[in-house]
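# Observations on the three-dimensional arrangement
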Amino acid sequence: GKPTLYGSLTRRGLSTEGLPDIAASEGFMVGEVTKKSILISCPHENVSTKFLAPYTTFCRIHQKSITCLDISSGGGLGVSTSTDGTMKIWQAANGEIRRLLEGHVYDVNCCRFFPSGLVVLSGGMDAQLKIWSAEDASCVVTFKGHKGGILDTAIVDRGRNVLSCSRDGTARLWDCGKSACLGVITDCGSPVNGIAVGTADNSLNLGTPEKAPSEREIGTEGKILLLAREDKKLQGVGLQSRQPVFLFIGSDAFNCCTFLSSTYILAGTQDGNIYQLDVRNTNVPIQVIHRSGAPVLSLLPYRDGFIASQGN
């Protein structure tokens, strides 16, 4: 909750051991320096951070900013999209480009591997959702139905069904086998920036569907869909019932959301807040984390905590 502290590091040369000799500006201290890391502390605030050199860098995959990436479950392949207009599949070990996935018009906003690691799901500004073979780069299925650019996707279980959300304010459920839309899960009249699907806590009432779900819906029962909305609302909807479960109002537009467990969720806003909520009672957040006013752009559960990326 305090103002951000700024400082600079200057390299004065190399020490006899071949390590950089680094000096910090006022208020900061340089701790241990190795060939792979620099430890910086701010004694006045009793905080420290370690800067790590990248393990490896791939600078030949894209020519411009990378907007989205994913790694296959086996760890062998990466897929990424860029403002250079391309989407590529590459070897995670050495960055060697394996496939170029061409077919979207305009920018591709999101890409992710199916659990099998052999198939990729992408969504673009052309309002199309596409499924690709990672083996031969062919586009197997194209889903049309959204009226605005697709901003995020999610895969239900092993991927017989997938979800997408869009600038048009809707989240849709799709059947991959028949390449058909199984339904609009919600239409909230405001762009949906991010979605996440998770298994709901048993004590949560997810509501009942108004009509019997299609037999093409696989794995939607007992699931809750989170929607990070532009109108400052974070919404939970029963995936099979299409019924609202909760609505939480935040400080600014929600950009992203994720599940930490069947009861705890996280969501990040444009003004830099990360909300941790209990789905059973969303009236008051468990905690609100605010490191800086920079937009929270993505969240990922990791070990006992999470990783957040911000616009700074």
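Quick look at the structure, then. (Residues numbered from 1 in each chain as written. Predicted model: local features only at pLDDT ≥ 70, side-chain atom pairs only at ≥ 80, totals over all residues. Heavy atoms only, no water.)

### A look at the nonpolar core
This is how the line gets drawn: In plain words, nonpolar cores are sets of buried Ala, Val, Leu, Ile, Met, Phe, Trp, Tyr and Cys residues tied together by side-chain atoms within 4.5 Å. Each residue gets one of three labels from its accessible area relative to the maximum for its type: buried under 20%, exposed over 50%, partly exposed in between, using a 1.4 Å probe on protein chains only. In this text, helices come from DSSP runs of H or I with a minimum length of four residues, and strands from runs of E with a minimum of two, each type numbered from the N-terminal end. Only heavy atoms enter the contact rule, under which two residues are in contact if any of them lie within 4.5 Å.
In terms of nonpolar packing, the biggest core is built from 25 residues, with Val79, Leu101, Phe143 and Val162 touching the most fellow members. With four residues, the single largest contributor to this core is strand β10 (residues 108-113). Setting aside anything within four residues of it in sequence, one finds valine 79 in contact with Cys68, Leu69, Asp70, Met87, Lys88, Ile89, Trp90, Leu101, Cys111, Phe113 and Val120. Counting residues in each nonpolar core, the second largest holds 18 residues, with Ala228, Phe254, Leu277 and Val279 among its members.

### Things to note about the sheet that holds strand β21 (residues 244-249)
The pairing of strands in a sheet happens through backbone hydrogen bonds and is either parallel or antiparallel. Defined as follows: The pairing criterion is simple: DSSP has to find at least two bridges between the two strands. Simply put, an axis is a line fit to the C-alpha atoms, just over the touching stretch for a helix, and the angle between two N-to-C directions goes from 0 to 180 degrees.
Across the sheet, which stays open at both edges, the four strands sit in the order β18-β19-β20-β21 with antiparallel pairing between neighbours. A single partner strand is all that each edge strand has here, and the edge strands are β18 (192-199) and β21. Within the sheet, the average angular offset between the axes of one strand and its neighbour, ignoring direction, is 15°. Strand direction decides the pairing type here: strand β20 (residues 233-238) and β21, joined by five bridges, are antiparallel. Bridge pairing in β21 links lysine 233 to isoleucine 249.

### Description of the packing of aromatic side chains
Both the distance between ring centres and the angle between the ring planes are used here to describe each pair of aromatic rings. Applicable threshold: Here the aromatic set is Phe, Tyr and Trp, taking the six-membered ring for Trp, and pairing holds for ring centres within 6.5 Å; pairs whose planes are under 30 degrees apart are stacked, those over 60 apart are edge-to-face, and all others are tilted.
Summed over all chains, the structure comprises five aromatic pairs. On the numbers, 5.7 Å between centres and 55° between planes, the contact of phenylalanine 254 with tyrosine 275 is tilted. One end of the pair, phenylalanine 254, is in strand β22 (residues 254-259); the other, tyrosine 275, is in strand β24 (residues 273-278), and 21 residues separate them in sequence. Per residue, the accessibility class of phenylalanine 254 equals that of tyrosine 275, and both read buried. Grouped by ring-pair contacts, the aromatic residues Phe248, Phe254 and Tyr275 constitute a single cluster.

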